[in-house]
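Residues per chain are reported as follows:
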Amino acid sequence: MTTPIPSPPSVPFLGHVTIIDREVAIYSYNLLAKQYGEIYTLNMLGSKVVVVCSQELLHEVSDEKRFRKIPRAALDQVRNAVGDGLFTAHGEEPNWHIAHRILMPAFSTMNTRNMFDDMVDVISQLVQKWERFGPRHRIDPSQDFTALTFEAITFCAMSYRMNSFYVEGMHPFARAMADFLIESGNRALRPGIVQPFLRGTNSKYEEDVKVMSKYVDDIYDQRKANPTEKKDILNLMMNGKDPVSGEGMSEQLIKNNLLTFLIAGHETTSGMLTFIMYYLLKNPEAMRKLREEVDTMIGSRLMTVDDVNKLPYLIAVMREALRLGPPAPMRGTAAFEDTTLKGKYAVQKDVPIYCGIYMVHRDPKVYGEDADEFRPERMLDGKFEALPPDAWQPFGFGVRACIGRPFAWQEAQITLVYLMQRFTFVMHDPTYDLHLKQTLTIKPHDFYIHAIPRTDKP
Ligand code: HEM
(Lines give C-alpha, C1' and ligand atoms only; values in the text may rest on other atoms or scores of the structure.)
Protein backbone atom coordinates (compact mmCIF):
# COMPACT_ATOMS: atom_id res chain seq x y z
CA MET A 1 0.00 0.00 0.00
CA THR A 2 1.60 3.32 -1.03
CA THR A 3 0.73 6.87 0.04
CA PRO A 4 0.07 9.39 -2.76
CA ILE A 5 2.68 12.16 -2.95
CA PRO A 6 0.93 15.54 -2.54
CA SER A 7 0.84 17.93 -5.50
CA PRO A 8 -0.49 21.49 -5.86
CA PRO A 9 -3.30 22.26 -8.35
CA SER A 10 -1.92 22.77 -11.88
CA VAL A 11 -2.96 24.15 -15.26
CA PRO A 12 -3.30 21.97 -18.39
CA PHE A 13 -0.22 21.60 -20.62
CA LEU A 14 2.09 23.91 -18.61
CA GLY A 15 1.51 22.01 -15.37
CA HIS A 16 3.20 23.80 -12.48
CA VAL A 17 5.77 25.96 -14.27
CA THR A 18 3.52 28.99 -13.78
CA ILE A 19 3.76 28.73 -9.99
CA ILE A 20 7.55 28.73 -9.98
CA ASP A 21 8.98 32.24 -9.45
CA ARG A 22 11.01 33.11 -12.56
CA GLU A 23 13.39 35.38 -10.70
CA VAL A 24 14.08 33.28 -7.60
CA ALA A 25 12.76 29.76 -8.15
CA ILE A 26 13.96 28.52 -4.75
CA TYR A 27 11.43 30.80 -3.00
CA SER A 28 8.62 28.86 -4.70
CA TYR A 29 10.09 25.44 -3.91
CA ASN A 30 10.53 26.51 -0.29
CA LEU A 31 6.97 27.87 -0.05
CA LEU A 32 5.59 24.63 -1.53
CA ALA A 33 7.55 22.68 1.10
CA LYS A 34 5.88 24.76 3.81
CA GLN A 35 2.46 24.02 2.28
CA TYR A 36 2.88 20.36 1.24
CA GLY A 37 5.55 19.06 3.60
CA GLU A 38 8.68 16.99 3.11
CA ILE A 39 7.80 15.66 -0.33
CA TYR A 40 5.68 16.88 -3.21
CA THR A 41 5.45 16.30 -6.92
CA LEU A 42 5.21 18.77 -9.80
CA ASN A 43 4.39 18.56 -13.47
CA MET A 44 6.92 20.64 -15.38
CA LEU A 45 5.72 21.05 -18.97
CA GLY A 46 4.42 17.48 -19.00
CA SER A 47 7.35 15.90 -17.14
CA LYS A 48 6.92 14.70 -13.59
CA VAL A 49 9.42 15.69 -10.92
CA VAL A 50 9.51 14.80 -7.23
CA VAL A 51 10.89 17.32 -4.72
CA VAL A 52 12.31 16.11 -1.40
CA CYS A 53 12.76 18.60 1.46
CA SER A 54 13.69 16.77 4.68
CA GLN A 55 16.94 15.30 5.99
CA GLU A 56 15.40 11.84 6.24
CA LEU A 57 14.42 11.83 2.58
CA LEU A 58 17.66 13.45 1.39
CA HIS A 59 19.56 10.76 3.27
CA GLU A 60 17.51 8.06 1.56
CA VAL A 61 18.02 9.44 -1.97
CA SER A 62 21.75 9.88 -1.29
CA ASP A 63 22.15 6.09 -1.45
CA GLU A 64 24.30 5.60 -4.53
CA LYS A 65 23.25 1.97 -4.87
CA ARG A 66 19.68 3.10 -5.57
CA PHE A 67 20.07 6.62 -7.03
CA ARG A 68 22.36 8.46 -9.47
CA LYS A 69 22.85 12.10 -10.41
CA ILE A 70 20.83 13.45 -13.30
CA PRO A 71 21.45 17.08 -14.18
CA ARG A 72 18.27 19.06 -13.41
CA ALA A 73 16.55 20.73 -16.38
CA ALA A 74 18.38 24.07 -15.92
CA LEU A 75 21.74 22.34 -15.53
CA ASP A 76 21.03 20.29 -18.65
CA GLN A 77 20.70 23.56 -20.58
CA VAL A 78 24.18 24.54 -19.38
CA ARG A 79 25.43 21.72 -21.62
CA ASN A 80 24.82 24.16 -24.48
CA ALA A 81 28.14 25.73 -23.45
CA VAL A 82 30.09 23.06 -21.57
CA GLY A 83 28.88 19.79 -23.15
CA ASP A 84 30.12 16.78 -21.21
CA GLY A 85 32.27 18.73 -18.72
CA LEU A 86 32.35 17.19 -15.24
CA PHE A 87 29.44 19.19 -13.81
CA THR A 88 26.92 18.54 -16.57
CA ALA A 89 28.01 15.09 -17.77
CA HIS A 90 25.64 12.18 -17.37
CA GLY A 91 27.15 9.34 -15.35
CA GLU A 92 27.15 6.97 -18.30
CA GLU A 93 29.28 9.31 -20.46
CA PRO A 94 32.82 7.87 -20.69
CA ASN A 95 34.36 11.36 -20.70
CA TRP A 96 33.12 11.96 -17.16
CA HIS A 97 35.06 8.93 -15.93
CA ILE A 98 38.24 9.92 -17.77
CA ALA A 99 38.17 13.56 -16.59
CA HIS A 100 37.18 12.55 -13.06
CA ARG A 101 40.08 10.14 -12.68
CA ILE A 102 42.61 12.55 -14.17
CA LEU A 103 41.41 15.56 -12.16
CA MET A 104 40.57 14.20 -8.71
CA PRO A 105 44.19 14.17 -7.45
CA ALA A 106 44.73 17.71 -8.72
CA PHE A 107 41.90 19.06 -6.56
CA SER A 108 42.93 17.17 -3.41
CA THR A 109 43.45 19.08 -0.15
CA MET A 110 47.19 18.38 -0.41
CA ASN A 111 47.49 19.80 -3.90
CA THR A 112 45.31 22.78 -3.00
CA ARG A 113 47.84 23.69 -0.29
CA ASN A 114 50.37 24.24 -3.10
CA MET A 115 48.07 26.96 -4.45
CA PHE A 116 48.22 28.97 -1.20
CA ASP A 117 50.64 31.65 -2.47
CA ASP A 118 48.73 32.15 -5.72
CA MET A 119 45.49 32.54 -3.75
CA VAL A 120 47.12 35.14 -1.48
CA ASP A 121 48.32 37.01 -4.58
CA VAL A 122 44.74 37.36 -5.81
CA ILE A 123 43.22 38.11 -2.39
CA SER A 124 45.79 40.88 -1.88
CA GLN A 125 44.40 42.58 -4.99
CA LEU A 126 40.95 42.72 -3.39
CA VAL A 127 42.37 44.06 -0.13
CA GLN A 128 44.33 46.70 -2.03
CA LYS A 129 41.23 47.77 -3.95
CA TRP A 130 39.17 48.20 -0.79
CA GLU A 131 41.99 50.05 0.97
CA ARG A 132 42.38 52.43 -1.96
CA PHE A 133 38.68 53.15 -2.33
CA GLY A 134 38.38 53.96 1.37
CA PRO A 135 35.54 53.74 3.88
CA ARG A 136 33.09 55.98 2.03
CA HIS A 137 33.03 53.84 -1.07
CA ARG A 138 29.91 51.70 -1.40
CA ILE A 139 31.09 48.15 -2.07
CA ASP A 140 29.03 45.56 -3.91
CA PRO A 141 30.55 42.50 -2.19
CA SER A 142 28.91 40.08 -4.57
CA GLN A 143 30.57 41.77 -7.55
CA ASP A 144 33.99 42.08 -5.90
CA PHE A 145 33.91 38.52 -4.55
CA THR A 146 32.98 37.35 -8.04
CA ALA A 147 36.05 39.15 -9.40
CA LEU A 148 38.12 37.53 -6.65
CA THR A 149 36.93 33.97 -7.16
CA PHE A 150 37.06 34.26 -10.93
CA GLU A 151 40.64 35.52 -10.77
CA ALA A 152 41.52 32.81 -8.23
CA ILE A 153 40.32 29.94 -10.39
CA THR A 154 41.95 31.24 -13.58
CA PHE A 155 45.24 32.15 -11.90
CA CYS A 156 45.59 29.16 -9.55
CA ALA A 157 44.30 26.47 -11.91
CA MET A 158 45.38 27.88 -15.28
CA SER A 159 48.13 30.42 -14.45
CA TYR A 160 46.15 32.93 -16.50
CA ARG A 161 45.31 36.44 -15.37
CA MET A 162 41.88 37.76 -16.32
CA ASN A 163 42.68 41.05 -14.52
CA SER A 164 39.15 41.24 -13.14
CA PHE A 165 40.09 43.97 -10.66
CA TYR A 166 41.22 46.27 -13.44
CA VAL A 167 38.00 46.37 -15.50
CA GLU A 168 35.18 48.82 -14.87
CA GLY A 169 32.11 47.00 -13.51
CA MET A 170 31.72 43.31 -14.25
CA HIS A 171 34.28 41.39 -16.30
CA PRO A 172 32.88 40.63 -19.82
CA PHE A 173 33.21 36.89 -19.12
CA ALA A 174 31.34 37.15 -15.80
CA ARG A 175 28.57 39.18 -17.43
CA ALA A 176 28.19 36.76 -20.36
CA MET A 177 28.15 33.87 -17.92
CA ALA A 178 25.52 35.41 -15.64
CA ASP A 179 23.24 36.14 -18.62
CA PHE A 180 23.85 32.67 -20.05
CA LEU A 181 22.93 31.02 -16.75
CA ILE A 182 19.76 33.08 -16.32
CA GLU A 183 18.60 32.20 -19.84
CA SER A 184 19.52 28.52 -19.28
CA GLY A 185 17.21 28.57 -16.24
CA ASN A 186 14.44 30.29 -18.23
CA ARG A 187 14.71 27.74 -21.04
CA ALA A 188 14.07 24.96 -18.56
CA LEU A 189 10.73 26.59 -17.66
CA ARG A 190 9.69 27.41 -21.23
CA PRO A 191 7.82 25.11 -23.63
CA GLY A 192 10.31 24.00 -26.33
CA ILE A 193 7.88 25.04 -29.06
CA VAL A 194 8.21 28.72 -28.06
CA GLN A 195 12.02 28.81 -28.13
CA PRO A 196 12.66 29.22 -31.90
CA PHE A 197 10.47 32.34 -31.97
CA LEU A 198 12.56 34.18 -29.38
CA ARG A 199 15.10 35.31 -31.96
CA GLY A 200 16.61 38.20 -29.96
CA THR A 201 16.95 36.09 -26.82
CA ASN A 202 18.46 33.22 -28.79
CA SER A 203 21.06 35.32 -30.53
CA LYS A 204 22.08 36.98 -27.24
CA TYR A 205 22.40 33.46 -25.74
CA GLU A 206 24.61 32.31 -28.62
CA GLU A 207 26.68 35.46 -28.32
CA ASP A 208 27.22 34.81 -24.59
CA VAL A 209 28.43 31.29 -25.36
CA LYS A 210 30.84 32.75 -27.94
CA VAL A 211 32.22 35.31 -25.45
CA MET A 212 32.89 32.60 -22.87
CA SER A 213 34.37 30.19 -25.42
CA LYS A 214 36.71 32.88 -26.72
CA TYR A 215 38.38 33.17 -23.30
CA VAL A 216 38.69 29.42 -23.02
CA ASP A 217 40.24 29.17 -26.50
CA ASP A 218 42.68 31.89 -25.53
CA ILE A 219 43.70 30.15 -22.29
CA TYR A 220 44.21 26.89 -24.18
CA ASP A 221 46.05 28.42 -27.14
CA GLN A 222 48.39 30.46 -24.95
CA ARG A 223 49.44 27.38 -23.01
CA LYS A 224 49.89 25.38 -26.21
CA ALA A 225 52.15 28.11 -27.58
CA ASN A 226 54.03 28.60 -24.27
CA PRO A 227 54.35 25.28 -22.45
CA THR A 228 55.45 25.48 -18.81
CA GLU A 229 56.66 23.05 -16.18
CA LYS A 230 54.19 24.41 -13.63
CA LYS A 231 52.04 21.61 -12.23
CA ASP A 232 48.77 23.48 -12.54
CA ILE A 233 45.42 21.98 -13.43
CA LEU A 234 45.58 23.04 -17.06
CA ASN A 235 48.90 21.22 -17.52
CA LEU A 236 47.48 18.17 -15.86
CA MET A 237 44.56 18.14 -18.28
CA MET A 238 46.86 18.60 -21.27
CA ASN A 239 49.38 15.95 -20.28
CA GLY A 240 47.63 13.64 -17.80
CA LYS A 241 46.62 10.08 -18.63
CA ASP A 242 43.66 8.21 -17.23
CA PRO A 243 45.18 5.47 -15.02
CA VAL A 244 42.47 3.01 -16.10
CA SER A 245 42.12 3.46 -19.87
CA GLY A 246 45.49 5.10 -20.52
CA GLU A 247 43.65 7.78 -22.51
CA GLY A 248 44.35 11.50 -22.30
CA MET A 249 41.75 14.27 -22.53
CA SER A 250 40.88 15.54 -26.02
CA GLU A 251 41.17 19.26 -26.82
CA GLN A 252 37.37 19.57 -26.73
CA LEU A 253 37.10 17.79 -23.38
CA ILE A 254 39.80 20.04 -21.90
CA LYS A 255 37.94 23.13 -23.11
CA ASN A 256 34.62 21.82 -21.78
CA ASN A 257 36.22 21.35 -18.39
CA LEU A 258 38.05 24.68 -18.42
CA LEU A 259 34.73 26.39 -18.94
CA THR A 260 33.14 24.13 -16.33
CA PHE A 261 35.68 25.25 -13.73
CA LEU A 262 35.15 28.88 -14.65
CA ILE A 263 31.39 28.49 -14.26
CA ALA A 264 31.19 26.06 -11.33
CA GLY A 265 34.22 27.43 -9.55
CA HIS A 266 33.52 31.09 -9.07
CA GLU A 267 29.79 31.90 -8.76
CA THR A 268 29.45 29.39 -5.94
CA THR A 269 32.42 30.56 -3.90
CA SER A 270 31.55 34.22 -4.37
CA GLY A 271 27.99 33.41 -3.23
CA MET A 272 29.37 31.74 -0.13
CA LEU A 273 31.58 34.74 0.73
CA THR A 274 28.70 37.18 0.20
CA PHE A 275 26.38 35.13 2.42
CA ILE A 276 29.08 35.03 5.10
CA MET A 277 29.47 38.81 4.95
CA TYR A 278 25.70 39.27 5.19
CA TYR A 279 25.19 36.92 8.12
CA LEU A 280 28.16 38.33 10.04
CA LEU A 281 26.89 41.88 9.63
CA LYS A 282 23.42 40.85 10.77
CA ASN A 283 24.89 39.04 13.79
CA PRO A 284 27.43 41.36 15.43
CA GLU A 285 28.21 38.88 18.22
CA ALA A 286 29.32 36.30 15.65
CA MET A 287 31.40 38.97 13.89
CA ARG A 288 33.00 39.89 17.23
CA LYS A 289 33.86 36.27 18.05
CA LEU A 290 35.36 35.71 14.63
CA ARG A 291 37.50 38.84 14.85
CA GLU A 292 38.66 37.83 18.29
CA GLU A 293 39.67 34.41 17.02
CA VAL A 294 41.62 35.86 14.10
CA ASP A 295 43.30 38.43 16.38
CA THR A 296 44.25 35.79 18.95
CA MET A 297 45.40 33.03 16.60
CA ILE A 298 47.04 35.11 13.87
CA GLY A 299 47.16 38.71 15.04
CA SER A 300 48.89 41.02 12.57
CA ARG A 301 51.37 38.48 11.18
CA LEU A 302 50.87 37.07 7.69
CA MET A 303 48.67 34.01 7.48
CA THR A 304 50.53 30.86 6.37
CA VAL A 305 49.31 27.64 4.82
CA ASP A 306 49.64 26.00 8.25
CA ASP A 307 46.86 28.26 9.57
CA VAL A 308 44.37 26.73 7.12
CA ASN A 309 41.73 24.64 8.94
CA LYS A 310 43.07 25.75 12.35
CA LEU A 311 40.44 28.40 13.19
CA PRO A 312 37.41 26.55 14.60
CA TYR A 313 35.02 29.49 14.83
CA LEU A 314 35.84 30.57 11.28
CA ILE A 315 35.06 27.06 10.03
CA ALA A 316 31.78 27.08 11.99
CA VAL A 317 30.84 30.43 10.43
CA MET A 318 31.48 29.03 6.95
CA ARG A 319 29.45 25.89 7.64
CA GLU A 320 26.55 27.86 9.09
CA ALA A 321 26.49 30.39 6.22
CA LEU A 322 26.49 27.49 3.74
CA ARG A 323 23.61 25.94 5.66
CA LEU A 324 21.36 29.00 5.40
CA GLY A 325 22.67 30.12 2.04
CA PRO A 326 23.72 27.07 0.04
CA PRO A 327 24.88 28.60 -3.27
CA ALA A 328 23.67 25.46 -5.11
CA PRO A 329 20.23 25.20 -3.48
CA MET A 330 19.03 22.06 -5.32
CA ARG A 331 20.55 19.06 -7.04
CA GLY A 332 19.02 16.37 -9.22
CA THR A 333 18.96 12.63 -8.81
CA ALA A 334 16.86 9.66 -10.00
CA ALA A 335 16.28 6.05 -9.01
CA PHE A 336 17.84 3.23 -11.04
CA GLU A 337 14.68 1.14 -10.48
CA ASP A 338 11.08 1.75 -9.43
CA THR A 339 11.19 2.23 -5.67
CA THR A 340 9.41 3.62 -2.63
CA LEU A 341 10.69 6.35 -0.33
CA LYS A 342 10.21 5.83 3.40
CA GLY A 343 8.58 2.58 2.32
CA LYS A 344 5.42 4.43 1.24
CA TYR A 345 5.96 7.04 -1.51
CA ALA A 346 6.19 5.32 -4.90
CA VAL A 347 8.79 6.82 -7.26
CA GLN A 348 9.35 5.44 -10.75
CA LYS A 349 12.81 4.85 -12.13
CA ASP A 350 14.40 7.77 -14.03
CA VAL A 351 11.83 10.28 -12.73
CA PRO A 352 13.84 13.37 -11.70
CA ILE A 353 14.04 13.88 -7.95
CA TYR A 354 14.99 17.41 -6.94
CA CYS A 355 16.91 17.41 -3.66
CA GLY A 356 15.86 20.62 -1.92
CA ILE A 357 19.14 21.33 -0.10
CA TYR A 358 17.89 24.81 0.84
CA MET A 359 14.87 23.27 2.60
CA VAL A 360 16.75 20.34 4.16
CA HIS A 361 19.19 22.82 5.70
CA ARG A 362 16.21 24.34 7.55
CA ASP A 363 14.65 21.03 8.61
CA PRO A 364 13.26 21.78 12.11
CA LYS A 365 13.59 18.10 13.10
CA VAL A 366 17.36 18.51 12.77
CA TYR A 367 18.01 22.17 13.49
CA GLY A 368 15.15 22.89 15.90
CA GLU A 369 12.81 25.84 16.17
CA ASP A 370 15.63 28.33 15.56
CA ALA A 371 16.57 26.67 12.25
CA ASP A 372 16.25 30.01 10.42
CA GLU A 373 18.72 31.73 12.73
CA PHE A 374 22.42 32.12 12.08
CA ARG A 375 24.15 30.41 14.98
CA PRO A 376 27.70 29.24 14.14
CA GLU A 377 27.96 27.57 17.58
CA ARG A 378 25.80 24.70 16.32
CA MET A 379 28.45 23.99 13.66
CA LEU A 380 31.51 23.84 15.90
CA ASP A 381 33.63 20.68 15.68
CA GLY A 382 31.98 17.90 17.63
CA LYS A 383 28.45 19.25 17.14
CA PHE A 384 28.90 19.29 13.37
CA GLU A 385 29.96 15.65 13.23
CA ALA A 386 27.00 14.74 15.46
CA LEU A 387 24.44 16.01 12.92
CA PRO A 388 22.33 13.27 11.32
CA PRO A 389 23.74 12.06 7.99
CA ASP A 390 23.13 14.37 5.03
CA ALA A 391 21.63 17.13 7.18
CA TRP A 392 24.30 19.44 5.67
CA GLN A 393 25.03 18.88 2.02
CA PRO A 394 26.06 22.12 0.27
CA PHE A 395 28.71 20.37 -1.83
CA GLY A 396 26.55 17.59 -3.26
CA PHE A 397 27.05 13.92 -2.64
CA GLY A 398 29.05 10.77 -3.47
CA VAL A 399 31.03 10.37 -6.66
CA ARG A 400 29.35 13.45 -8.12
CA ALA A 401 30.13 15.66 -5.12
CA CYS A 402 31.98 18.91 -5.66
CA ILE A 403 35.52 18.37 -6.89
CA GLY A 404 36.43 21.98 -6.00
CA ARG A 405 35.48 21.79 -2.31
CA PRO A 406 39.06 21.92 -0.91
CA PHE A 407 39.82 24.79 -3.30
CA ALA A 408 36.79 26.82 -2.22
CA TRP A 409 37.35 25.97 1.46
CA GLN A 410 40.93 27.20 1.47
CA GLU A 411 40.20 30.26 -0.66
CA ALA A 412 37.35 31.36 1.62
CA GLN A 413 39.44 30.93 4.77
CA ILE A 414 42.33 33.02 3.46
CA THR A 415 39.93 35.70 2.22
CA LEU A 416 38.13 35.96 5.55
CA VAL A 417 41.33 36.07 7.60
CA TYR A 418 42.81 38.77 5.35
CA LEU A 419 39.61 40.83 5.53
CA MET A 420 39.14 40.45 9.29
CA GLN A 421 42.75 41.47 9.92
CA ARG A 422 42.47 44.62 7.87
CA PHE A 423 38.91 45.97 7.97
CA THR A 424 35.82 46.45 10.04
CA PHE A 425 32.60 46.30 8.05
CA VAL A 426 29.26 48.06 8.13
CA MET A 427 26.17 47.66 5.99
CA HIS A 428 25.46 50.48 3.59
CA ASP A 429 21.77 50.27 4.50
CA PRO A 430 21.41 49.00 8.07
CA THR A 431 17.75 48.12 7.44
CA TYR A 432 18.66 45.74 4.59
CA ASP A 433 17.11 42.30 4.88
CA LEU A 434 18.22 39.39 2.79
CA HIS A 435 16.66 38.86 -0.61
CA LEU A 436 18.15 36.54 -3.17
CA LYS A 437 19.32 36.65 -6.73
CA GLN A 438 19.21 33.32 -8.52
CA THR A 439 21.06 32.29 -11.65
CA LEU A 440 22.20 28.69 -11.44
CA THR A 441 23.24 29.59 -7.90
CA ILE A 442 21.79 31.86 -5.25
CA LYS A 443 23.40 34.86 -3.54
CA PRO A 444 22.34 38.01 -1.67
CA HIS A 445 20.92 40.68 -3.99
CA ASP A 446 21.24 44.47 -3.75
CA PHE A 447 23.49 44.09 -0.71
CA TYR A 448 26.13 46.77 -0.16
CA ILE A 449 28.77 47.35 2.50
CA HIS A 450 31.56 49.70 3.56
CA ALA A 451 35.04 48.47 4.49
CA ILE A 452 36.78 50.64 7.09
CA PRO A 453 40.52 50.05 7.49
CA ARG A 454 41.25 48.95 11.08
CA THR A 455 43.13 51.27 13.35
CA ASP A 456 43.01 48.91 16.35
CA LYS A 457 45.26 46.18 14.94
CA PRO A 458 46.52 43.72 17.59
C1 HEM B 1 29.87 19.85 -8.23
C2 HEM B 1 28.70 23.13 -4.85
C3 HEM B 1 33.00 25.32 -5.52
C4 HEM B 1 33.73 22.54 -9.42
C5 HEM B 1 29.21 20.54 -7.23
C6 HEM B 1 27.94 20.13 -6.66
C7 HEM B 1 27.61 21.05 -5.73
C8 HEM B 1 28.67 22.04 -5.70
C9 HEM B 1 26.35 21.07 -4.89
C10 HEM B 1 27.12 18.90 -7.06
C11 HEM B 1 26.12 19.30 -8.11
C12 HEM B 1 25.15 18.21 -8.51
O13 HEM B 1 25.03 17.19 -7.84
O14 HEM B 1 24.50 18.42 -9.54
C15 HEM B 1 29.78 23.99 -4.73
C16 HEM B 1 29.89 25.04 -3.74
C17 HEM B 1 31.09 25.65 -3.92
C18 HEM B 1 31.75 24.99 -5.04
C19 HEM B 1 28.82 25.37 -2.70
C20 HEM B 1 31.73 26.79 -3.17
C21 HEM B 1 31.35 27.21 -2.01
C22 HEM B 1 33.60 24.75 -6.62
C23 HEM B 1 34.89 25.10 -7.16
C24 HEM B 1 35.06 24.32 -8.28
C25 HEM B 1 33.92 23.47 -8.42
C26 HEM B 1 35.83 26.14 -6.57
C27 HEM B 1 36.24 24.26 -9.25
C28 HEM B 1 37.41 24.59 -9.00
C29 HEM B 1 32.75 21.58 -9.42
C30 HEM B 1 32.66 20.51 -10.41
C31 HEM B 1 31.56 19.73 -10.07
C32 HEM B 1 30.98 20.33 -8.87
C33 HEM B 1 33.60 20.31 -11.60
C34 HEM B 1 31.06 18.48 -10.78
C35 HEM B 1 31.75 17.27 -10.19
C36 HEM B 1 31.35 15.96 -10.89
O37 HEM B 1 30.15 15.74 -11.08
O38 HEM B 1 32.24 15.20 -11.21
N39 HEM B 1 29.64 21.69 -6.62
N40 HEM B 1 30.92 24.00 -5.50
N41 HEM B 1 33.04 23.75 -7.40
N42 HEM B 1 31.74 21.44 -8.51
FE43 HEM B 1 31.39 22.66 -6.94
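Structure: above.
Residues numbered from 1 in each chain as written. Predicted model: local features only at pLDDT ≥ 70, side-chain atom pairs only at ≥ 80, totals over all residues. Heavy atoms only, no water.

(A) Structural context of helix α9 (residues 199-225). Compared with the 39 Å implied by 1.5 Å per residue over 27 residues, the 38 Å span of α9 between its first and last C-alpha is a close match. What α9 keeps buried is the set Asn202, Tyr205, Asp208, Val209, Met212, Tyr215, Val216, Ile219, Tyr220 and Arg223. Its buried side turned inward, α9 meets α3 (73-82), α7 (141-158), α8 (172-188), α10 (233-239) and α11 (251-282). (Helix = DSSP H or I, 4+ residues; strand = E, 2+ residues; numbered from the N terminus. Expected span 1.5 Å × (residues − 1). Buried < 20%, exposed > 50% of the residue type's maximum accessible area, 1.4 Å probe, protein only. Contact = heavy atoms within 4.5 Å.)

(B) Molecular detail of the state of the cysteines. Under the definition given, this model contains zero disulfides. Cys53 supplies the cysteine sulfur nearest to Cys355, a cysteine that is in no disulfide, at a spacing of 9.8 Å. Cys355 gets classed as buried once you look at its relative accessible area, which sits at 0%. (Disulfide = S-S within 2.5 Å.)

(C) Region of the structure containing the coordination of the iron atom of the ligand. The protein supplies the iron atom of the ligand with one donor atom, Cys402 (SG), which lies at 2.3 Å. With respect to the element layout, Cys402 can be found in the loop between α15 (364-367) and α16 (405-422). (Donors = N, O, S within 2.8 Å, 3.2 Å for Na, K, Ca; no water.)

(D) Examining the site of the ligand more closely. Of all residues adjacent to the ligand, which total 27 residues, the nearest are Lys69, Leu86, Trp96, Arg400 and Cys402. A distance of 3.2 Å separates an oxygen atom of the ligand from a polar atom in the backbone of Leu86. Here the shell around the ligand is built from residues that sort into 18 nonpolar, six polar and three charged. (Near = heavy atom within 4 Å. Polar contact = N/O pair within 3.5 Å; in protein donor to acceptor, adjacent residues only side chain to side chain. Nonpolar A, V, L, I, M, F, W, Y, C, P; charged D, E, K, R; others polar.)

(E) Region of the structure containing the environment of Ile39. Checked against the element boundaries, Ile39 lands in strand β1 (residues 39-44). Looking at Ile39, the relative accessible area reads 2%, which means it is buried. The spatial distance from the C-alpha of Ile39 to the C-alpha of Arg79 is 28 Å, given a sequence separation of 40 residues. When near neighbours in sequence (up to four residues on either side) are disregarded, Ile39 contacts Ile5, Pro6, Val50, Val51, Val52, Leu57, Leu341 and Tyr345.

(F) Just the packing of helix α13 (residues 312-324) against α16, in detail. At a minimum axis distance of 11 Å, the contact between α13 and α16 shows a crossing angle of 115 degrees. As α13 runs across α16, the sense of the crossing is right-handed. Every residue of α16 that contacts α13 at Leu314, Ile315, Met318, Arg319 and Leu322 is listed here: Trp409, Ala412, Gln413, Leu416 and Val417. Among the residues forming the contact of α13 with α16, the class breakdown is eight nonpolar, one polar and one charged. (Axes fitted to C-alpha atoms, helices over the stretch in contact; angles between N-to-C directions. Left-handed = near helix turned anticlockwise from the far one by under 90°.)

(G) Geometry of the pairing of β1. Counting buried positions along β1 yields five of six residues, so the element is predominantly enclosed. The turn joining β1 and strand β2 (residues 47-52), which pair antiparallel and follow one another in sequence, is formed by two residues; a positive phi near 50 degrees is taken by Leu45. (Pairing = 2+ DSSP bridges.)

(H) Representation of the pattern of salt bridges. Across all of its chains, the model carries 32 salt bridges by this definition. Its salt-bridge partner being Asp208, residue Lys204 comes within 2.8 Å of it at the nearest N-O pair. Pair noted here: Lys204 and Asp208 are both in helix α9, with a separation of four residues, about one helical turn. Residue Lys204 is classed as partly exposed on the basis of its relative accessible area, which comes to 40%. Where Asp433 meets Lys282, a salt bridge forms, and the shortest distance between an N and an O atom there is 3.1 Å. Taken together, the residues span a long stretch of sequence, with Asp433 in the loop between β8 (423-427) and β9 (436-438) and Lys282 in helix α11 at a distance of 151 residues. (Salt bridge = Lys/Arg side-chain N within 4 Å of Asp/Glu carboxyl O.)

(I) Molecular detail of the nonpolar core. Counting 136 residues, the largest nonpolar core has Tyr29, Leu103, Trp130, Phe261 and Phe425 as its most contacted members. Counting residues per element, this core draws most heavily on α11, at 16 residues. With residues up to four places along the chain from it excluded, the contact list for Trp130 reads Ile139, Asp144, Phe145, Leu419, Phe423, Phe425, Ile449 and Ala451. Core analysis: the next-biggest nonpolar cluster, separate from the first, contains 17 residues, Val50, Leu341, Cys355 and Val360 among them. (Core = buried A, V, L, I, M, F, W, Y, C linked by side-chain atoms within 4.5 Å.)

(J) Looking closely at empty space enclosed by the protein. A full pass over the atoms with the stated rule returns one cavity of 30 Å³ or more. In terms of lining residues, the largest cavity is bounded by Lys129, Gln143, Asp144, Thr146, Ala147, Ser164, Phe165, Val167, Gly169, Met170, His171 and Ala174. Here the lining of the largest cavity takes four residues from α7, the largest share from any one element. Residues of the lining of the largest cavity, tallied by class, amount to five nonpolar, five polar and two charged. (1 Å grid on protein atoms, 1.4 Å probe; cavity = no way out; pocket = protein on both sides within 12 Å on 5 of 7 lines; lining within 4 Å. Points joined across faces, edges and corners; volume = space filled by probe spheres on them.)

(K) Structural context of the layout of surface pockets. Volume-wise, the second largest pocket comes out at about 720 Å³. Lining the second largest pocket we find 35 residues, and of these Ala74, Gly185, Asn186, Ala188 and Leu189 sit closest to its centre. Among the elements of the structure, α1 (25-36), β2, α3, α8 and β9 are those that each provide at least two residues to the lining of the second largest pocket. Looking at which element gives the most residues to the lining of the second largest pocket, the answer is α8, with five residues. A breakdown of the residues in the lining of the second largest pocket according to their chemical character gives 22 nonpolar, seven polar and six charged.

(L) View of the sheet that holds β2. Pairing is mixed across the open sheet formed by five strands, whose spatial order is β1-β2-β7-β4-β3. Unpaired on one side and paired on the other, β1 and β3 (67-69) mark the two borders of the sheet. Sheet twist, expressed as the mean angle between neighbouring strand axes with direction ignored, is 35 degrees. With respect to the sheet, α1 is in contact with β1, β2, β4 (330-335) and β7 (353-356), its orientation differing from that of β1 by roughly 130 degrees.

(M) Fine view of the side chain of Ser62. In this structure, Ser62 sits in the loop between α2 (55-61) and β3. Look at Ser62 and you get buried, because its relative accessible area is 5%. Looking at Ser62, its side chain comes within polar contact range of the main-chain oxygen of Leu58, at 2.7 Å. Not counting residues up to four positions away in its chain, the partners in contact with Ser62 are Arg331, Asp390, Gln393 and Phe397.

(N) Up close: the packing of aromatic side chains. This structure, assessed with the given rule, holds 18 aromatic pairs. Put simply, the rings of Phe275, Tyr278, Tyr279, Phe374, Tyr432 and Phe447 pair up and form one aromatic cluster. Sitting over the ring of Phe155, Arg161 keeps its end group 3.9 Å from the ring centre. We note Lys214 situated over the ring of Tyr215; from NZ or CZ to the ring centre the distance is 4.9 Å. (Phe/Tyr/Trp six-rings, centres within 6.5 Å; stacked < 30°, edge-to-face > 60°. Lys NZ or Arg CZ within 6 Å of the ring centre and 35° of its normal.)

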